[in-house]
Amino acid sequence: MQTSDCKITAQDAITESVFRIRLSAPGISKLCSPGQFVHMRVSTGLDPLLRRPFSIHRAHESAGEIELLYRVVGSGTATLRDLKPGDVVNLMGPLGNGFDLEKPVDHAVVVAGGMGGAPVFYLIDALLKRNKRVTLLWGTRDGREIFDEADFEARGVALKIATEDASKGHNGLVTDLLKTFLAQHAGSAGLGGYVCGPEPMIRAVQDIVRSTDFLWQASLEEQMACGVGVCLGCAVKLKTGEIQMVCKDGPVFDIREIAFNG
Amino acid sequence: MVDLSVKIGSLTLKNPVLTASGTFGYGREYDPYLDISQLGGIVTKTVTLEPRQGNPMPRIAETPAGMLNSIGLSNVGVEKYLNEKLPLLADVDTNVIANVAGNTIDEYAEIVSRLQHHPRIDAIEINVSCPNVEKGGLAFGTDASVTAAVVKGVRNQTGKPVIVKLTPNVTDIGVIARAAEDSGADAVSCINTVQGMGVNIHTRQPLLARIIGGLSGPAIKPIALAKVYQAAQAVRIPVIGLGGIMGWADAVEFLIAGATAVQTGTLNFIEPAGPVQLIQGLESYCITHNISRIADIIGSLEKRPVK
């Protein structure tokens, strides 16, 4: 595997702080799977210095392109926002272990929160390709960060939305939608859970799904330096007491195995 | 043909580029990105007698042109290091330098006694400079007499080259470097990270869970160069320079300032193939400047004419 210079082919603003970028990355688009990430050097300068991890939002193998969805939070993402089609960034990847899509799941319930929801587009593409029934529970603070609803619905995804600004769907948290879903599907067979979002959401989901008897796979976000398990900066503790690295052992974990704060 | 080889005590490096401890795992993690046999050597992650989980999260943060870390010497422990990690390096054509740390002076000697017979270990680097542990580490490396005691203890256990990794967080690095030399060290490496800290002004929380960590990256290169220069002035044994090296030109600066070899650290995280590109850059520099042996530029700093 090599690092590769990848040309930006498109970049659009979803809101003033959330952007979707499309990159020419033939090698990565061929090798990647949902839940994996790329590690990006946004400039060759010394500041920002480190690479930034971005989960793959969508992969288009035939076009040799991938898409990323990001929020501008610091100097790295601000630099990325200012890049134009034709500009080049350097990518390492695909890195990490994605979702296990081979589990015998008939009905996938996908829980997405905020920017953590970026990888669910790719995940859902893959689940639909495998003829799974998909329910997407999607929550954001700002309703403008919910997009492509019609496309999901046209493809048969049961979409439930929660926004904290009351602009779309349920006024509240995505975990409210999850509680309702689980109450409606108590005892249903063939369910599989997929969770992407910020840590507080994943903690809450861990608590809610305790009584369910099927697998919940959660994708964790963490600050990273190396992205390959060397710097040991992105440690996560498992309930067994074992320390694992989000970048190399994850970012997808069985939600029941994660020990938040020990 | 440029002779890139240098000597650290009895150890010959085919070129002066090593990868720094804690930034290159146990040696094979970056195999997809570079051929480690092209390196002068690798320094493996600090190993301690018992496995260590490391410090609470968050353990890393970015600062301008730098990176704070407080990993806390997370490692597999000497048993697993010997049985599972070193065998992975059996067929690699480069020097393997084991970096070690202990909680007590005696532990340093004990861990070296466990490692020193292993044929794959070509040299030992003693970590008396980690800023992120309660015992040993920085607390030892800021005290010349404790540094001397650690080095003597290790020296009694092994005939392999002993390198002492120094902290910049001292008043005079020359004093500590001399203590290491006088106690039998074959080389010193400097610098380990510079103590640093960052604050999130919105949450008023420190960026690192342990509040203070170690700063690395290009932000510390001028500090590292000064310390390497001072150490090289103070001792006759070789000095290995590190701290913010991002390319071959940085490495040349360290060599001219007095380093016999260099280590890359934060660079490895950003450009995994960086160390090998750096070697190619050093060779080109030598060709451009008609230097047939890179060793000839070590400590070749010229005086500026008085104006």
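Residues numbered from 1 in each chain as written. Chains lettered and ligands numbered in written order. Predicted model: local features only at pLDDT ≥ 70, side-chain atom pairs only at ≥ 80, totals over all residues. Heavy atoms only, no water.

Caption draft 1: The arrangement of the packing of aromatic side chains in detail. All names here are of chain A. Throughout the structure, instances matching the rule amount to 14 aromatic pairs over all chains. Relative to Tyr 70, the ring of Phe 19 has its centre 5.8 Å away and its plane inclined at 25°; by these criteria the two rings are stacked. Of the two residues, Phe 19 sits in strand β2 (residues 18-24) while Tyr 70 sits in strand β6 (residues 65-71), which places them 51 residues apart along the sequence. No difference in accessibility class separates Phe 19 from Tyr 70, as the two residues are buried. (Phe/Tyr/Trp six-rings, centres within 6.5 Å; stacked < 30°, edge-to-face > 60°. Helix = DSSP H or I, 4+ residues; strand = E, 2+ residues; numbered from the N terminus. Buried < 20%, exposed > 50% of the residue type's maximum accessible area, 1.4 Å probe, protein only.)

Caption draft 2: Highlighting the packing of helix α1 (residues 77-85) of chain B against helix α2 (residues 105-115) of chain B. Residues and elements named next belong to chain B. Two elements in contact, α1 and α2, have axes separated by 11 Å at closest approach and are oriented at 20°. In terms of their interaxial angle, α1 and α2 are classed as roughly parallel. Judged by the sense of rotation from one axis to the other, the crossing of α1 with α2 is right-handed. Along its contact with α1, which presents Val 78, Glu 79, Tyr 81 and Leu 82, the element α2 presents Ile 111, Arg 114 and Leu 115. Along the lines of polarity and charge, the residues of the contact of α1 with α2 split into five nonpolar, no polar and two charged. (Axes fitted to C-alpha atoms, helices over the stretch in contact; angles between N-to-C directions. Parallel < 35°, antiparallel > 145°, perpendicular 65-115°, else oblique. Left-handed = near helix turned anticlockwise from the far one by under 90°. Contact = heavy atoms within 4.5 Å. Nonpolar A, V, L, I, M, F, W, Y, C, P; charged D, E, K, R; others polar.)

Caption draft 3: Focus on the state of the cysteines. This structure, assessed with the given rule, holds zero disulfides over all chains. Cysteine Cys 6 of chain A shares no disulfide, and the gap to the nearest cysteine sulfur, in Cys 32 of chain A, comes to 12 Å. On the basis of relative accessible area, Cys 6 of chain A is assigned to the buried category, the value being 3%. Between Cys 190 of chain B, a cysteine without a disulfide, and Cys 130 of chain B, which holds the nearest cysteine sulfur, the sulfur-to-sulfur distance is 16 Å. (Disulfide = S-S within 2.5 Å.)

Caption draft 4: View of a nonpolar patch on the surface. Taken together, the side chains of Met 197, Val 199, Ile 201, Ile 211 and Ile 212 of chain B define a hydrophobic patch exposed on the protein surface, amounting to about 480 Å² of accessible area. Of note, Ile 212 of chain B is situated in strand β14 (residues 212-216). (Patch = residues over 30% accessible without salt bridge, like charges linked within 9 Å, V, L, I, M, F, W, Y side chains within 5 Å. Areas by Shrake-Rupley, 256 points an atom, 1.4 Å probe, with all protein chains shown as cover. Salt bridge = Lys/Arg side-chain N within 4 Å of Asp/Glu carboxyl O.)

Caption draft 5: Structural context of the pattern of salt bridges. All names here are of chain A. All chains considered together, the criterion is met by 32 salt bridges over all chains. Here Asp 125 makes a salt bridge to Arg 58, at a shortest N to O gap of 2.9 Å. Here Arg 58 lies in strand β5 (residues 58-60) and Asp 125 lies in helix α3 (residues 120-129), a separation of 67 residues in the sequence. A relative accessible area of 18% means that Asp 125 is categorised as buried.

Caption draft 6: Here's a closer look at the sheet that holds strand β16 (residues 259-264) of chain B. Residue and element names in this part refer to chain B. With parallel pairing, eight strands are arranged side by side around a closed barrel as β3-β4-β7-β8-β9-β10-β15-β16. Looking at each pair of strands side by side, their axes are set apart by 30° on average, direction ignored. Across the sheet, helix α6 (residues 221-234) touches β10 (187-190), β15 (239-241) and β16, and the angle it forms with β15 is around 175°. (Pairing = 2+ DSSP bridges.)

Caption draft 7: Representation of α1 of chain B within the structure. The complete set of buried residues in α1 of chain B reads Gly 77, Val 78, Tyr 81 and Leu 82 of chain B. Where α1 of chain B is buried, its residues meet β7 (95-100) and α2 of chain B.

Caption draft 8: Spatial organisation of the interface of chain A and chain B. Each partner contributes residues to the interface: chain A has 30 residues there, and chain B has 30 residues. When chain A packs against chain B, the two sides together hide about 2500 Å² of surface, and 61% of this comes from carbon and sulfur. Where chain A touches chain B, the interface holds three salt bridges. One salt bridge connects Arg 51 of chain A with Glu 271 of chain B, and the closest N-O pair in it is separated by 3.2 Å. Broken down by secondary-structure element, the contributors of at least two residues to the side of chain A that touches chain B are β7 (88-95), β14 (235-237) and β15 (243-245) of chain A. No other element matches β7 of chain A, which puts three residues into the side of chain A that touches chain B. (Buried area = accessible area lost by both parts, 1.4 Å probe.)

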